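Breakdown of the fold
Take a look at the letters that make up each chain.
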Amino acid sequence: MTTTAAEPQAPAPQQRRLRTEIPGPASRALQERRANVVAAGVASTLPAYITSASGGLLTDADGNVLIDFGSGIAVTNVGHSAPAVVDHVREQAGLFTHTCFMVTPYEGYVEVCEALAELTPGDHAKKSVLFNSGAEAVENAVKIARAATGRQAVVVFDHAYHGRTNLTMALTAKSVPYKHGFGPFAPEVYRVPGSYPFRDGLDGAEAARVAIDRIEKQIGGDQVAAVVIEPIQGEGGFIEPAPGFLPALSAWCSANGVVFVADEVQTGFCRTGDWFASTRENVVPDLIATAKGIAGGLPLAAVTGRAELLDAVAPGGLGGTYGGNPIACAAALGSIETMRGADLATSARRIQERVLPRLRALASETGVIGDVRGRGAMLAAEFVKPGGVEPDADLTKRVAAACHALGVVVLTCGTYGNVVRLLPPLSLSDELLDEGLSVLEYAIRVEARK
Ligand SMILES: *Cc1c(COP(=O)(O)O)cnc(C)c1O
């Protein structure tokens, strides 16, 4: 390719290190081994095999160093191998690795539940139960809501993502790849429109009226056990509802004896610039599901909420062999200690202030970004055909691939596959953030011209 003065120049690596093409020969060899033994149904966004990671950098099998704008899907909020997480995990692994909390309990589980009671929105009496994954937490929130209300219907939204188990597939909106061919799905799940300001043009009150009208006319408020909602939708496209939408829904739930469940699996633990996204509009969920960012990379999840709801399930009705595993609890305590000590909620807001202006400038420069949105370190650009709102999934894919080739891990999302999302560790330095952004800008400039 010949270079003219007008063409964008790829930023020179500073903290990244490009030793080979990405993925390089060592990763490609691993990819061949994988093809023989790993199910095709589990895909990898960027098949560079990681050998170590620290802070916001990933080192692969070929010695390339990548900037991580994905945090393993919003998990390593405290950065890779955060010292407090590693120390707690090492110490706990030397003491004991498992007893099963349902058999012989231990303090770490109780400490995590104490922290959750303190950190989650609202000052009412709260209790928690711990699990292994986000899907498990959401599914159990529904079990709790049904047991507490004696009702069955569950309301979810367009563009929702809640997981891959049978019940959470039913709650999830998008067919391919999450649901296609996996039915039949669980009954008594009802989908209503949410709030997607870029595409529906409604304000929060109007969007809530549409949703509530649908619920009242098609289900009946007195039939509904729970409304389950992501305060900012994740896999569906990083969609932030218009102001007023969440408070209106929450108020309707209170007035109708419906359990308001906030799925904060992706938005939780300082990701959006608050400990939990619900608090931005002073929404106090009855139940809140958390996972991802809770434990710095170890598998842990929780349902936290009103004590009388959690206690509506009889002893033995909730649990699981590994739920609240002692090493995962130790990691969570290290992760929470880090978030508190380093004030990572403020760091997330700083990331927003650094990123959004650059993405907005790029939107007006290139004409291929229809909407720039997000909060804290949960930020996105939605790609469209110039001059309209028609989604451009192909361009989105090319932009992500160009970033990957230059050593920056970005993820895509969205019902239409046309959103590039940024989920950097909250501890990321300004230097790494700027360098990763320069690569993203370059990738968008180059691909938008094609
Ligand atoms: C990732 C995610 C889940 C599912 O979590 P898993 O740990 O993958 O089961 C549920 N809800 C939301 C909002 C998520 O982002």
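Structure shown above.
All of these numbers come straight from a predicted model, not from anything done at the bench. (Residues numbered from 1 in each chain as written. Predicted model: local features only at pLDDT ≥ 70, side-chain atom pairs only at ≥ 80, totals over all residues. Heavy atoms only, no water.)

1. With respect to unusual backbone geometry
For clarity, the threshold we go by: In this text, helices come from DSSP runs of H or I with a minimum length of four residues, and strands from runs of E with a minimum of two, each type numbered from the N-terminal end.
Omega for the peptide link from I22 to P23 comes to -5 degrees, which places this bond in the cis form. Examined against the element boundaries, P23 turns out to sit in the segment before α1 (25-37). For the bond from V176 to P177, the omega torsion is 5 degrees, close enough to zero to count as cis. Inspection of the secondary structure assignment puts P177 in the loop between α6 (166-171) and β6 (189-192). Backbone geometry places N282, a non-glycine residue, at a positive phi of 55 degrees. With respect to the helices and strands, N282 occurs in the loop between β8 (259-263) and β9 (287-290).

2. What to know about the pairing of strand β10 (residues 301-306)
Residues in a regular strand point their side chains to alternate faces of the sheet. Basically, it comes down to this: To sort residues, take the accessible area from a 1.4 Å probe on protein chains only and compare it with the maximum for the residue type: under 20% means buried, over 50% means exposed, and anything in between is partly exposed. A pair of strands is labelled paired if DSSP reports no fewer than 2 bridges between them.
Extensive coverage of β10 is indicated by the burial of five of its six residues. As paired strands, β9 and β10 are joined by four bridges and run antiparallel to one another. Bridge pairing links T290 to A302 in β10.

3. Structural notes on the packing of aromatic side chains
What counts, and what does not: By convention, a stacked pair of Phe, Tyr or Trp rings (six-membered ring in the case of Trp) has centres within 6.5 Å and planes under 30 degrees apart, an edge-to-face pair has planes over 60 apart, and any other such pair is tilted.
Counted by the stated rule, this structure contains seven aromatic pairs. Measuring from ring centre to ring centre gives 6.1 Å for F157 and F245, while their planes differ by 75 degrees; the resulting arrangement is edge-to-face. Of this pair, F157 sits in strand β5 (residues 153-157) while F245 is found in helix α9 (residues 245-256), placing the two residues 88 residues apart along the sequence. The two residues F157 and F245 agree in class, both being buried.

4. So, the state of the cysteines
Test applied: The rule for a disulfide is simple: a pair of cysteine sulfur atoms within 2.5 Å.
Taken as a whole and judged by the stated rule, the model has zero disulfides. Not engaged in a disulfide, the cysteine C113 finds its nearest cysteine sulfur in C329; these two sulfurs lie 7.3 Å apart. Exposure remark for C113: the relative accessible area of 15% places this residue in the buried category.

5. Focus on the pairing of strand β7 (residues 224-229)
Most of β7 is tucked away: six of the six residues are buried. The pairing of β5 with β7 spans three bridges and is parallel. Counterpart to A153 in the pairing with β7 is V224. The pairing of β7 with β8 spans four bridges and is parallel. The partner of V228 across the bridge, within β8, is V261.

6. Here's the deal with the packing of helix α13 (residues 393-405) against helix α14 (residues 430-448)
Each packed pair of helices is defined by two parameters, the angle between the axes and the distance between the axes. What counts is decided by this rule: Between N-to-C directions, angles cover 0 to 180 degrees, with each direction set by a line fitted to C-alpha atoms, over the stretch in contact for helices. Small angles under 35 degrees read as roughly parallel and large ones over 145 as roughly antiparallel, with 65 to 115 read as roughly perpendicular and the rest as oblique. In this scheme the handedness of a crossing depends on how the near helix is turned from the far one: anticlockwise by less than a right angle means left-handed, clockwise means right-handed. Should any heavy atoms of two residues lie within 4.5 Å, those residues are considered in contact. Charged residues are taken to be Asp, Glu, Lys and Arg, nonpolar residues to be Ala, Val, Leu, Ile, Met, Phe, Trp, Tyr, Cys and Pro, and polar residues to be all remaining types, Gly included.
The interhelical angle for the contact between α13 and α14, taken along N-to-C directions, is 135 degrees, at an axis separation of 9 Å. Considering their axes alone, α13 and α14 lie oblique with respect to each other. Classified by chirality, the crossing of α14 by α13 is right-handed. Residues L395, R398, V399, A402 and C403 of α13 pack against V439, L440, A443, I444, E447 and A448 of α14. Tallied by class, residues from the contact of α13 with α14 come to nine nonpolar, no polar and two charged.

7. Considerations on the site of the ligand
Note the threshold: In this text, near means that some heavy atom of the residue lies within 4 Å of the molecule or strand in question. Between N or O atoms, a polar contact is any pair within 3.5 Å; within protein, one atom must be a potential hydrogen donor and the other a potential acceptor, and residues adjacent in sequence are included only when both atoms are from side chains. The Shrake-Rupley method, run with a 1.4 Å probe, gives the accessible areas here. Residue values count only the displayed protein chains as cover.
In the vicinity of the ligand, the contacting residues are S133, G134, A135, Y161, H162, E230, D263, V265, Q266 and K292. Between the ligand and K292, the relevant distance is 2.6 Å, taken from an oxygen atom to a side-chain nitrogen or oxygen of the residue. Notes on the ligand: free accessible area 380 Å², of which the protein chains cover 82%. When grouped by side-chain class, the residues that make up the shell around the ligand number three nonpolar, four polar and three charged.

8. Comments concerning the side chain of T172
Structurally, T172 is set in the loop between α6 and β6. Taking relative accessible area as the criterion, T172 reaches 0% and is therefore assigned buried. The residues contacting T172, other than those within four sequence positions of it, are A160, Y161, H162, G163, Y178, K179 and R191.

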